[in-house]
Each structure stands twice: as structure tokens, then as C-alpha cells.
Amino acid sequence: MNKQTTHPLKNDFFSKKITNWYLQHKRDLPWRNTQNPYYIWLSEIILQQTRVAQGMPYYYKFVEAFPTVQDLANADENEVLRLWQGLGYYSRARNLHKTAKMVVEDYNGIFPEKYSELLKLKGIGTYTAAAIASFAFGEKVAVLDGNVYRVLSRVFGEVTDISGKDAKKVFTQLAESVLPTSNSATHNQAIMEFGAIQCTPASPNCMFCTLSMECVANASGQVAHLPVKSKKVKVKERFFNYFIIEQNGIFAMRKRLGRDVWEGMYDFYLKEIEENIQDLSYLAMEDTFLSELIKESLIKRESSIYTHILTHQRIQTKFWHLEVNNSFLLHLPQELEWYNLNEVDDLPKSTLVNNYLKEYVFE
DNA sequence: AATTCGTGGCA
DNA sequence: TTGCCAAGAAT
């Protein structure tokens, strides 16, 4: 017997409860006051794995800088990344730009309306395709994000491990089973908002919850243990030594390439080592460029260790600010190029690099 | 298909 | 201090 179809909350009761709650408690967010797919898409990309409070200023910046998808498509990637600077997960910004170009070139500047068509665009996965199709075009598709996993697992007592491989199938089916025939867009907004405000990850106030009587987890005292998430992140230790090469007021920087953190962002000459050794002669071993550089420079500053925390990495970084002798003709490696202070400011940079620059270079 | 992509807030 | 994790997607 299938408990999902026999649960008392089915037959639209759950949807009605949660939609009523939403109409009374929803936040007034700018992307909720439009049906323009460009603004809705923009907000959804910004909000991927990101809190509303953190993404809000970026939403306003992007709307102002790029009022239309054509404006975004015509921008340079560096300009888009620079505006995204500080928000993290920079592939979102690169894919945002790619998709803007694709919409302009392949779709005549008109966003596709169907879930299945939206799914083909870069940076748009199952959740975002459903969100755009639902909010902008009223398609009857169920959104499934972190909020929905949490709300459904608690209310219906679904114990499937959300970090397991069959979780998506199980919860998609559950989400679809509670999706109403009409007003599915409001329902989708409602279940996410309910997860964000009422059914919060830590210590939700179930005493005042509109679903306290019907919630399986609340009845069994399992709210704090749902959803089940078994997988823990493994954090890798890394040790960076950045060399800030300055000569006559200009700086050597490079665009990060390859599949590592901060792809597309600019940084300095980097020496990554396996152990936490901060010794110049050690760092310069088997590095003819660095050896020559050190010989022809004075150390303007040797920073303390910056510990930068990412989800999967803990990066300990020392910045060596080198002032190259004015008269010396330094041959930069292929990847490095010279930039003056204004250009350095304009380039997209990681928060780690930007923090140092703000503290000691831009002043 | 398990990993890897940022950053900041919170307990 | 440490761990959790927030409107996920790409590979």
C-alpha cells in the first residue's frame, strides 16, 4: 500500500494550506513582481545555492547594468564576471553570459517557454527550468529545490536519503503528487517560501506552523532528523603562495583557466605547494622565472597567512608583494600580462585576491 | 554518478 | 572553532 496516496494531506489539502500561508506571509521580492522571463531567469541563477539576502544586491546590479537580455549578451565576459565578483560559483556567471548570447542568437532574443526547451540552456538544470517555466509561463511543472526536499520529507515523513542517487526520483514524484491543477506557480512559490521561512533547516518553530497537526515529522518528533542527508563534504587542504609582481606602478596578473576554483577570474603568479612551507628559496626551486624575479626585486611586503574557506577546500595563502627593479626588463610567462591599478580594479577577482588588494594595494 | 564548483551567516 | 548549508548545475 502506498502511503503517499493515502496521506490525508493529498487531494489538494496540502497545497491549499501552504498557498494560504504563502499569501499571508510571503516576502515582497523584486522578481516576484514580474513575469518577464529574463528577470526571472536572472534571479533564479543568482539564487542557486545562495541566500536571498546575499543575492539581492547582485540582482539589482545586474538589472541596472543589463536591463535586457540583449544588453547582457553584448557585454564582455570579464564585465559579467566583475559584476558577479564576490557571489561565488562563477560558472553561473559564465553560463549566464553564454545563455544570453544563445537566447539572442538562436532564439531571436525571445526566451523559450517550455520546460524541456529551457533545460537545453547552459546553467539551467531541472530546478531552474521548472522555476522559469512555472513562474514566467505558467507551465504545470513541480519545482524541486533544497526547500522542497526539506518540506516534503518532514510533512510526509519521507526518509529517503536526499544525498542518495534515487532521491531525486522519489522527491520529484512526491512533489508532482501534491502539485495542484490550477495555480501551480503560486503553489511552487509557496512551498519554497514555506521552507525558507517556516520549515527552516535548523530549529523551526513548529508550535506556530500551519501544518503542525498534519506533519508526520512533527508527530513523531523527527523534525530535526529530516531530511536525511548522509553524505558529508571532504575538505582538501591547499597551500598557495601568490607573488604580486609590481613594476613602475603596474601589476602582472593572469586569467585563471582549466577546471579549478575561480575559473575565469584573475589572480597573480601562483606557486602551489603540498606542504605549508614559506621559504623563498624553497619556492624558487626548479623555477627559473621565480628565481630571476626574486633576484631582481625587493620584497615590498610579506603577508601573514590568509585562510580562505571554500566548501571543499581550505586554502592557506601567503602573498609576496615584489617590487621589480625599475630598469630590469622582466620576461613574463605567457599567461601573465601587465595591468595598471585601474585595470586591476576592473578585472574580476576572487574574494581571496580582492581582500588582499583592498587591504594593501587599493587602500 | 560521485565530485566539484564560493561565500557568508549562524549555532 | 567547527560544521552546516543556502532558490543547483556541470562533468
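Computed from a predicted model, the values in this text were never measured in an experiment.

Turning to the nonpolar core, a few remarks are in order. Counting 92 residues, the largest nonpolar core has F14, W41, W84, L152, Y242 and W262 as its most contacted members. Two domains share this core, each providing at least three of its residues, namely domain 1 (3-225) and domain 2 (236-361). With residues up to four places along the chain from it excluded, the contact list for W262 reads Y90, F240, Y242, R256, H308, L310, I315, S350 and L352. Judged by nonpolar contacts, the second largest core, of 18 residues, contains I245, I273, L293 and L330.

Packed helix pairs are characterised by how far apart their axes lie and by the angle those axes make with each other. At a minimum axis separation of 8 Å, helix 10 (residues 146-155) and helix 12 (residues 184-197) run at an interaxial angle of 80°. As the angle between them shows, helix 10 and helix 12 are arranged roughly perpendicular. Contacts between helix 10 and helix 12 involve N147, V148, R150, V151 and L152 on the former and, on the latter, I191, M192, F194, G195 and A196. Residues that form the contact of helix 10 with helix 12 fall into these classes: seven nonpolar, two polar and one charged.

The next thing to look at is the protein's contact with DNA strand C. Lining the immediate surroundings of DNA strand C are 25 residues, of which L47, G123, T128, D145 and N147 lie closest. Of what DNA strand C places within 4 Å of the protein, 68% of the atoms are sugar or phosphate. At 3.5 Å from a phosphate oxygen of DNA strand C is found a side-chain nitrogen or oxygen belonging to K122. The set of elements that each furnish at least two residues to the surface near DNA strand C consists of helix 3 (37-47), helix 9 (126-137), helix 10 and helix 12. Here the residues of the surface near DNA strand C sort into nine nonpolar, nine polar and seven charged.

Right, let's get into the packing of helix 2 (residues 13-25) against helix 12. At a minimum axis separation of 8 Å, helix 2 and helix 12 run at an interaxial angle of 70°. Judged by the angle between their axes, helix 2 and helix 12 are roughly perpendicular. Across the interface between the two elements, F14, S15, I18, T19, W21, Y22, L23 and H25 of helix 2 pack against T186, H187, Q189, A190, I191, E193, F194 and I197 of helix 12. Per-class residue counts for the contact of helix 2 with helix 12 are nine nonpolar, six polar and one charged.

Within the structure shown, the criterion is met by 21 aromatic pairs. Taken together, a centroid distance of 6.1 Å and an interplanar angle of 65° make the contact between Y306 and Y356 edge-to-face. Within this pair, whereas Y306 is found in strand 5 (residues 297-309), its partner Y356 is found in helix 17 (residues 351-361), the two being separated by 50 residues in sequence. Take Y306 and Y356: they sit in the same class, and that class is buried. An aromatic cluster of three or more residues is present, and its members are F240, Y242, F268, Y306, F319, Y356 and Y360. Cation over ring: K318 sits above W320, and NZ or CZ is 5.3 Å from the ring centre.

The next thing to look at is the pattern of salt bridges. In a structure, side chains of opposite charge can pair up when their charged atoms sit close to one another. In the structure shown here, the tally under the stated rule is 17 salt bridges. For K300, the salt bridge goes to E246, with nearest N and O atoms at 3.1 Å. Note that K300 is positioned in strand 5 and E246 in strand 1 (residues 236-247), a separation of 54 residues in sequence. Close ionic contact of D260 with R256 constitutes a salt bridge, the shortest N to O distance being 3.2 Å. Exposure remark for D260: the relative accessible area of 32% places this residue in the partly exposed category. Among the charged side chains, a salt-bridge network with shared partners connects R238, R254, R256, D260, D267, E272 and E335.

The next point concerns the domain arrangement of chain A. In terms of domain boundaries, chain A breaks down into domain 1 (3-225) and domain 2 (236-361). Spacing between the C-alpha centres of domain 1 and domain 2 amounts to 39 Å. Listed by partner, the interface residues are nine residues for domain 1 and 14 residues for domain 2. For the pair domain 1 and domain 2, the summed buried surface comes to about 880 Å²; carbon and sulfur atoms form 43% of the total. Here domain 1 and domain 2 share three salt bridges between them. Our count for the domain 1 to domain 2 interface comes out at six residue pairs in polar contact (both at pLDDT 80 or more). In terms of residue count, helix 6 (residues 77-84) provides more of the side of domain 1 that touches domain 2 than any other element does, four residues in total. Its residues placed into classes, the side of domain 1 that touches domain 2 shows three nonpolar, three polar and three charged.

Attention shifts here to the UniProt feature "domain: HhH-GPD" (unreviewed entry) in chain A. Those places that UniProt annotates as "domain: HhH-GPD" (unreviewed entry) correspond, in this numbering, to residues 46-197. From the first C-alpha to the last, residues 46-197 spans 19 Å; its make-up is 64% helix and 0% strand.

Parameters and conventions
Residues numbered from 1 in each chain as written. Chains lettered and ligands numbered in written order. Predicted model: local features only at pLDDT ≥ 70, side-chain atom pairs only at ≥ 80, totals over all residues. Heavy atoms only, no water. Core = buried A, V, L, I, M, F, W, Y, C linked by side-chain atoms within 4.5 Å. Buried < 20%, exposed > 50% of the residue type's maximum accessible area, 1.4 Å probe, protein only. Domains from an automatic or database assignment. Contact = heavy atoms within 4.5 Å. Axes fitted to C-alpha atoms, helices over the stretch in contact; angles between N-to-C directions. Helix = DSSP H or I, 4+ residues; strand = E, 2+ residues; numbered from the N terminus. Parallel < 35°, antiparallel > 145°, perpendicular 65-115°, else oblique. Nonpolar A, V, L, I, M, F, W, Y, C, P; charged D, E, K, R; others polar. Near = heavy atom within 4 Å. Polar contact = N/O pair within 3.5 Å; in protein donor to acceptor, adjacent residues only side chain to side chain. Phe/Tyr/Trp six-rings, centres within 6.5 Å; stacked < 30°, edge-to-face > 60°. Lys NZ or Arg CZ within 6 Å of the ring centre and 35° of its normal. Salt bridge = Lys/Arg side-chain N within 4 Å of Asp/Glu carboxyl O. Buried area = accessible area lost by both parts, 1.4 Å probe. UniProt positions renumbered as here; feature names shortened; annotations may be inferred.

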